[in-house]
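Understanding the architecture of this molecule
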Amino acid sequence: MGNPLAGRDIIEIPALSRAEIDLILSTSRDLEARLERDRRLDLLQDYILATLFYEPSTRTRLSFEAAMHRLSGRVVSVSEVTSSSVAKGESIDDTVRTIEQYADVIVMRHPESGAAQVAADAMSVPLINAGDGSRNHPTQALLDLYTIEKERGGIDGRTIALVGDLKYGRTSHSLAEALVHYQARLLLVSPSELRMPERIRERLSEHGVHYRETESIEDAMREADVLYVTRIQRERFPSPADYDRFRGVFQISPDLLSRSAHDAIVMHPLPRVDEISHQVDSLPQAAYFRQARNGVYVRMALLALVLGTV
């Protein structure tokens, strides 16, 4: 089908078709295989990536920058907006219109939902959303799909438990929206106060996705092939007291995993706080650091696709 993503913005998962997601995943597989043979590829040697992060980030920013370097491209970065013109009151529109004069593609993270679309509407080079507010994190969802596919041999037919903060967790939102394209079954595991937003549940129902809500992690262990665990996000709660009510509500331990009926793998977008015991790290089911590595391959694919070099 060629490359329908050339010149496109990557703002949210619902804007991507199954064919486009398949293209991203197949390109990721190809680039991973090529990178195993050659430490660096020359697909973007004449291009510059600008990373613009209004929120703290380690994995997303570094994996995008590593992806660009692996493709022989160059990177300019704004990782601390308090030392940029944003601190002087500059608007998102003016910021991205300026930065696009220096770069061929921009990756942006912002604390406000919808900020990525505002930025994309103001600029002419491709924008990739690295997370905006509690709503979207499309590149995380894509690397999550890639990880499930690699770890479990496919996505169709799998039972995937989304565990933790499903109300504010943009990674869970984006992954759930991506899974509407697959014949997967979802378990939504959270306290009732942190349940998946209605708009996501409606989208699942509209696409015929079979899902069930539960507050029991033990219940999920009997059915899940994949545990997608998320932290309770302090920064999203209106008050520290609200956060403290839910911190540590689910904890994944070797003992809990021993009760898995399907040898479930454990994924996590990271960073973790106390929701996964460090004793789990040495178990073969612990996929979260492999998941982080997969982010480089998927983001390599996205950069090459939107810049039209594959």
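Structure's up top.
Since this is a predicted model, take the numbers as computed values, not measurements. Just so you know, the residues in each chain are numbered from 1, in the order the chain's sequence is written. Given that this is a predicted model, residues contribute local features only at a pLDDT of at least 70 and side-chain atom pairs are listed and counted only at 80 or more, while totals for whole chains, interfaces and linings are drawn from all residues. Heavy atoms from the whole structure form the basis of all side-chain values; hydrogens and water molecules are not counted.

For the rest of this paragraph, the subject is the overall build of the chain. Segments assigned H or I by DSSP are reported as helices when at least four residues long, segments assigned E as strands when at least two residues long, and all are numbered from the N terminus. For the chain, the count of helices and strands is 11 helices and 9 strands. As a reference, a globule follows 2.2 Å times the number of residues to the power 0.38, and the radius of gyration itself is taken over C-alpha atoms. In terms of overall size, the chain behaves like a compact globule, its C-alpha atoms giving a radius of gyration of 19 Å where 310 residues would be expected to give roughly 19 Å. Once the C-alpha set of the chain is aligned to its principal axes, its extents read approximately 55 × 45 × 40 Å. Out of the 310 residues in the chain, the part that is buried amounts to 55%. Carbon together with sulfur atoms contributes 45% to the accessible area of the chain, which is approximately 12800 Å² in total. Asp and Glu count as negative and Lys and Arg as positive, but His and the ends of the chain are not part of the count. A charge is said to be at NZ when it belongs to Lys, at CZ for Arg, at CG for Asp and at CD for Glu. The averaged location of the 45 negative side-chain charges in the chain is 3 Å from the averaged location of its 37 positive side-chain charges. To sort residues, take the accessible area from a 1.4 Å probe on protein chains only and compare it with the maximum for the residue type: under 20% means buried, over 50% means exposed, and anything in between is partly exposed. Shrake-Rupley sampling with a 1.4 Å probe provides the accessible areas, and residues are treated as covered by the protein chains on show and by no other component.

Moving on to the pattern of salt bridges. Charged atoms that come close allow side chains of opposite charge to pair. Salt bridges, as used here, are contacts in which a Lys or Arg side-chain nitrogen is within 4 Å of a carboxyl oxygen on Asp or Glu. All told, the structure shown has 18 salt bridges when counted by the stated rule. Put simply, Glu213 and Arg201 hold a salt bridge, and the shortest N to O gap is 4.0 Å. Of this pair, Glu213 sits in strand E7 (residues 210-214) while Arg201 sits in helix H7 (residues 198-206), and the two are 12 residues apart along the sequence. A relative accessible area of 32% places Glu213 in the partly exposed class. Residue Arg201 is classed as buried on the basis of its relative accessible area of 15%. A salt bridge links Arg222 to Asp219; the shortest N-O distance between them is 3.1 Å. Each of Arg185, Arg212, Asp219, Arg222 and Glu223 takes part in salt bridges that share partners, so that together they form one network.

Within the secondary structure, Leu179 sits in the loop between helix H6 (170-178) and strand E6 (185-189). In this structure the C-alpha to C-alpha distance between Leu179 and Glu12, which are 167 residues apart in sequence, comes to 13 Å.

Expected helix span is given by 1.5 Å per residue-to-residue step, counting one fewer step than there are residues. Over its 20 residues, helix H1 (residues 18-37) extends 29 Å from the first C-alpha to the last, a length consistent with the 28 Å expected when each residue adds 1.5 Å. Taken residue by residue, H1 has Glu20, Ile21, Leu23, Ile24, Leu25, Thr27, Ser28, Leu31, Glu32 and Leu35 as its buried positions. Buried residues along H1 sit in contact with helix H2 (59-70), helix H5 (138-152) and helix H11 (288-306). We call two residues in contact whenever any of their non-hydrogen atoms come within 4.5 Å of each other.

Turning to the sheet that holds strand E9 (residues 265-267), a few remarks are in order. Here a strand pair is declared whenever DSSP counts at least two bridges between the two strands. The parallel open sheet is built from 5 strands, whose spatial order is E7-E6-E5-E8-E9. With one partner strand each, in any of the chains shown, E7 and E9 form the two edges of the open sheet. Strand-to-strand twist across the sheet, computed as the mean angle between neighbouring axes with direction ignored, equals 20°. Here E6 pairs with E7 via 5 bridges, running parallel. Following the sheet pairing, Val189 is matched in E7 by Thr214. Whenever a helix is involved, its axis is fitted only over the stretch in contact; in every case the axis is a line through C-alpha atoms, and angles between N-to-C directions fall within 0 to 180 degrees.

It is worth spelling out unusual backbone geometry at this point. Each neighbour pair has its own omega, and for Leu270 with Pro271 the value is 5°, a cis peptide bond. Relative to the helices and strands, Pro271 is located in the loop between E9 and H11. Positive phi, normally seen in glycine, also occurs at Ser72, with a value near 70°. Relative to the elements of secondary structure, Ser72 occurs in the loop between H2 and strand E2 (74-78). For Leu270, a relative accessible area of 16% puts it in the buried group.

Functional significance is not addressed by these values, which are geometric in nature.
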